[in-house]
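Single-letter residue listing:
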Amino acid sequence: MRAVTNSSILIALSTIGQLSLLHQRFPDGVFLPQAVWREVVETGKGQPGAQDVASASWLTIRQVTNTSVISLLRIELDEGEAEAIALFAENPVDAILLDEKNARRVARQMGLPVLGTVGILIWAKQQGLIITLKEQLDALQNQGKFRLSQSLYQEALNRVGE
């Protein structure tokens, strides 16, 4: 299984020490566009995720060639989100990893299979890779300043029986 990712998931999972879950969920590779690499590793140097992402051998930077699609997507989305969606359109894989509401909406309108940080953590709990989902969600909110609605928080816990 393979995925294309935006920066938020890389940063969020790195912040709580769970970046490796992406590699476990997508063992055939996770691709990121150059804009995401720049945002997390170069611009984000010294910030959560920068070193983890830079040293993850299973992450592969991919160049997006269709710049017109990026330009159209940039009307509504930031550069990393636009490039991630464009990269998925050029190289369809099993999932696109997005957290931001607007980016998820656009990707779904395009019929793309969207997965977010909470979805990765739910999967990890179901696979026995993390002990409690609640602990990870709380860490995301407290350490990572991750915005999560109370309804999504509760829905996620209900899905895994916590």
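No experiment lies behind these values; they were computed from the predicted model shown.

(A) A look at the packing of aromatic side chains. In total, this model carries zero aromatic pairs according to the counting rule given. Looking at Arg25, its charged tip hangs above the ring of Phe26, at a distance of 5.0 Å from the centre. Positioned over the ring face of Phe31 is Arg62, at 3.9 Å from the centre of the ring.

(B) View of the layout of surface pockets. By volume, the largest pocket amounts to about 830 Å³. Taken together, 30 residues make up the lining of the largest pocket; nearest its centre are Asp99, Arg104, Val118, Phe146 and Leu152. Those elements that provide at least two residues to the lining of the largest pocket are helix H1 (7–15), helix H7 (101–109), strand S5 (114–115), helix H8 (117–126) and helix H10 (150–159). With five residues, the single largest contributor to the lining of the largest pocket is H8. Its residues assigned to classes, the lining of the largest pocket shows 12 nonpolar, seven polar and 11 charged.

(C) Molecular detail of the packing of H1 against helix H3 (residues 34–42). Viewed as axis vectors pointing N to C, H1 and H3 meet at an angle of 30°, and their least axial separation amounts to 9 Å. With respect to the hand of their crossing, H1 and H3 are arranged in right-handed fashion. Across the interface between the two elements, Ser7, Leu10 and Ile11 of H1 pack against Val36, Glu39 and Val40 of H3. Within the contact of H1 with H3, the residues separate by chemical class into four nonpolar, one polar and one charged.

Here is what the cut-offs are and how they apply
- Residues numbered from 1 in each chain as written.
- Predicted model: local features only at pLDDT ≥ 70, side-chain atom pairs only at ≥ 80, totals over all residues.
- Heavy atoms only, no water.
- Phe/Tyr/Trp six-rings, centres within 6.5 Å; stacked < 30°, edge-to-face > 60°.
- Lys NZ or Arg CZ within 6 Å of the ring centre and 35° of its normal.
- 1 Å grid on protein atoms, 1.4 Å probe; cavity = no way out; pocket = protein on both sides within 12 Å on 5 of 7 lines; lining within 4 Å.
- Points joined across faces, edges and corners; volume = space filled by probe spheres on them.
- Helix = DSSP H or I, 4+ residues; strand = E, 2+ residues; numbered from the N terminus.
- Nonpolar A, V, L, I, M, F, W, Y, C, P; charged D, E, K, R; others polar.
- Axes fitted to C-alpha atoms, helices over the stretch in contact; angles between N-to-C directions.
- Left-handed = near helix turned anticlockwise from the far one by under 90°.
- Contact = heavy atoms within 4.5 Å.

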